[in-house]
Amino acid sequence: MKWMEFPREVLIGKNMLVKVPDVLNKLKISKKVLLVTGKNTLDVAGNRIKELVEENGGDCEICISEKASPEEVIKITEAGSAFEADCFLGVGSGRSIDLAKLSSKNCSVPFISIPTAASHDGIVSARASIHSEGKSESVEAQAPIAVIADTEIISKAPFRLLAAGCGDVISNYTSVLDWELASRHQNEPFSRSAAMMAYMSADMITNSANLIRPGLDSSARIAVKALVLSGAAMSVAGSSRPASGSEHMFSHALDRIAKKPALHGEQCAVGSIMMMYLHGGDWEKIRNALIQIGAPTSAVEMGIADDEIIEALLQAHTIRPERYTILGGGLTPSAAEKMAVVTKVITD
Ligand SMILES: [Zn+2]
């Protein structure tokens, strides 16, 4: 059996917040909504959405999220059931969306993703990242019933976030190769259509890399469209496989090892340069696209020490051992160092 979950409504464009009541009406869930947001995004979008919902006869309660921890999920789930919410709205760059995703699932009601930044594909996926005791864990939640992306708000968020989102999508090139490898070596189920969609979303960013600039509505539009397509690829696959391979394992290893990790999308993209080298593919194409966008391509640019990069490369294969990738049973220290030097991630 195959179970695919897709958003029913996807709105991308300027001034899209005003469409929130229409979407709620269309989905027939307009009575009580619990809005999960952060302190900063409350002023950017949260308060405005509450006003819009109430002006249209709805009832909206705001829950300010602190961090994406299991305790916070329980707190928001309890708030949702006490309020008898019909629907959750996740308003923010990632944490609030992840919290809304999980707590709405706990309450057996849908959630709408309203990203205020486009820094990773979690804004459209069914998976959520939860942090506990210094570790981050990716857990299955539910896909949003709608995505409302206001590109004006997204284009005003720090550009570093948008560039990281583009990096997360570009890293699909190596996720897809890892998946193909797993299907050949281990007969893992493989979906050609999901792989094509993930690949196409990476192409969308690479082909428009020279158009992605700070403050542009059009750049936010390209990034969000690619993230939505990448999310759809995961929905078709029924897992994160098409958008998460060895480069994501490298990023998760860095999160554990680095004193000050960089952004998820930044780390995955740099990981993808190196993993593409291991696959014998065109790693320079990935590197050049990232340079054009203005995303980091080296340890120095990410603010991460060279030895932390090597250690993450050595540990990456242990992060998710059931997920077969080009890393196989692991790299030797000299191979790890060589790939990082050749791909200019670290200096000799
Ligand atoms: Zn990712």
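Whatever comes next refers back to the structure up there.
Everything numeric in this text was worked out from a predicted model, so none of it was measured.

Focus on the overall build of the chain
Then step 1. When helices and strands are tallied, the chain shows 15 helices and eight strands.
Then step 2. Whereas a compact globule of 348 residues would reach a radius of gyration of roughly 20 Å, the chain reaches 20 Å, a difference of no more than 12%.
Then step 3. Dimensions of the chain, computed from C-alpha atoms along their principal axes, come out at roughly 65 × 40 × 40 Å.
Then step 4. The burial tally for the chain puts 56% of its 348 residues in the buried class.

Concerning the packing of aromatic side chains
Then step 1. Scanning the model with the defined rule gives two aromatic pairs in all.
Then step 2. Judged by centre distance (5.1 Å) and plane angle (75°), the ring pair of Tyr173 and Tyr199 falls under edge-to-face. Of this pair, Tyr173 sits in helix H7 (residues 172–186) while Tyr199 sits in helix H8 (residues 192–207), and the two are 26 residues apart along the sequence.
Then step 3. Overall, the relative accessible area of 37% leaves Tyr199 in the partly exposed class.
Then step 4. Between Lys32 and the ring centre of Phe83, over which it is positioned, the NZ or CZ distance is 4.7 Å.

Structural notes on the coordination of the zinc ion
Then step 1. Listed as protein donors to the zinc ion are Asp168 (OD), Asp168 (OD), His248 (NE2) and His264 (NE2); their distances from the metal cover 2.1 to 2.8 Å.
Then step 2. Around the zinc ion, the four donor atoms sit at angles spanning 50 to 142°, and that spread fits a shape best called irregular.
Then step 3. For the zinc ion, the donor residues sit on a single chain with the sequence spacing D-x79-H-x15-H. Placement of the pair is His248 in helix H10 (residues 246–257) and His264 in helix H11 (residues 264–278), with a sequence separation of 16 residues.
Then step 4. For His264, a relative accessible area of 26% puts it in the partly exposed group.

Description of the pattern of salt bridges
Then step 1. The final tally for this structure, using the stated rule, is 15 salt bridges.
Then step 2. Between Lys101 and Asp98 there is a salt bridge whose closest N-O contact spans 3.4 Å. Note that Lys101 and Asp98 are positioned in helix H4 (residues 95–106) at a spacing of three residues, about one turn of the helix. Taken individually, Lys101 and Asp98 each receive the classification buried, so the pair is uniform in this respect.

Thoughts on the sheet that holds strand E3 (residues 59–64)
Then step 1. Across the sheet, six strands lie side by side as E1-E8-E5-E4-E2-E3; this open sheet has parallel pairing. Among the strands making up the open sheet, the edge pair consists of strand E1 (9–13) and E3. Across this sheet, the average inter-strand angle for adjacent strands is 15°, counted without regard to direction.
Then step 2. With five bridges connecting them, E1 and strand E8 (residues 146–150) associate as parallel partners. Note on E8: the bridge partner recorded for Val10 is Val147.
Then step 3. Packing of helix H2 (residues 39–55) onto the sheet brings it into contact with strand E2 (32–37), E3, strand E4 (87–92) and strand E5 (111–115), and relative to E3 it is tilted by some 170°.

Thoughts on the state of the cysteines
Then step 1. Under the criterion given, the structure shown has zero disulfides.
Then step 2. We note that Cys87 lacks a disulfide partner, and the nearest cysteine sulfur, in Cys60, lies 10 Å from it.
Then step 3. No disulfide involves Cys166; its nearest neighbouring cysteine sulfur is the one of Cys268, lying 13 Å away.
Then step 4. With a relative accessible area of 1%, Cys166 lands in the buried category.

Things to note about the side chain of Asp178
Then step 1. Tracing the chain through its elements places Asp178 in helix H7.
Then step 2. Here Asp178 occupies a buried position and makes no salt bridge, while the nearest side chain of opposite charge, Arg241, is found at 5.6 Å.
Then step 3. For Asp178, the side chain forms a polar contact with the main-chain nitrogen of Ile326, separated by 2.9 Å.

Some words on the nonpolar core
Then step 1. Counting 52 residues, the largest nonpolar core has Leu34, Phe88, Leu162, Ile170, Ile205, Ile212 and Ile293 as its most contacted members.
Then step 2. If we ignore the near neighbours within four places in the chain, the residues touching Leu162 are Ala118, Ile154, Ile212, Ser219, Ala220 and Ala223.
Then step 3. One finds Ala262, Met302, Ile310 and Leu327 within the second-largest nonpolar core, a separate group that totals 26 residues.

Quick notes on the rules
Residues numbered from 1 in each chain as written. Predicted model: local features only at pLDDT ≥ 70, side-chain atom pairs only at ≥ 80, totals over all residues. Heavy atoms only, no water. Helix = DSSP H or I, 4+ residues; strand = E, 2+ residues; numbered from the N terminus. Rg over C-alpha atoms; globule rule 2.2 N^0.38 Å. Buried < 20%, exposed > 50% of the residue type's maximum accessible area, 1.4 Å probe, protein only. Phe/Tyr/Trp six-rings, centres within 6.5 Å; stacked < 30°, edge-to-face > 60°. Lys NZ or Arg CZ within 6 Å of the ring centre and 35° of its normal. Donors = N, O, S within 2.8 Å, 3.2 Å for Na, K, Ca; no water. Tetrahedral: all angles 85-135°; square planar, octahedral: opposite > 155°, others 65-115°. Salt bridge = Lys/Arg side-chain N within 4 Å of Asp/Glu carboxyl O. Pairing = 2+ DSSP bridges. Axes fitted to C-alpha atoms, helices over the stretch in contact; angles between N-to-C directions. Contact = heavy atoms within 4.5 Å. Disulfide = S-S within 2.5 Å. Lys, Arg positive; Asp, Glu negative; His and termini not counted. Polar contact = N/O pair within 3.5 Å; in protein donor to acceptor, adjacent residues only side chain to side chain. Core = buried A, V, L, I, M, F, W, Y, C linked by side-chain atoms within 4.5 Å.

Function cannot be inferred from these measures alone, as they are strictly geometric.
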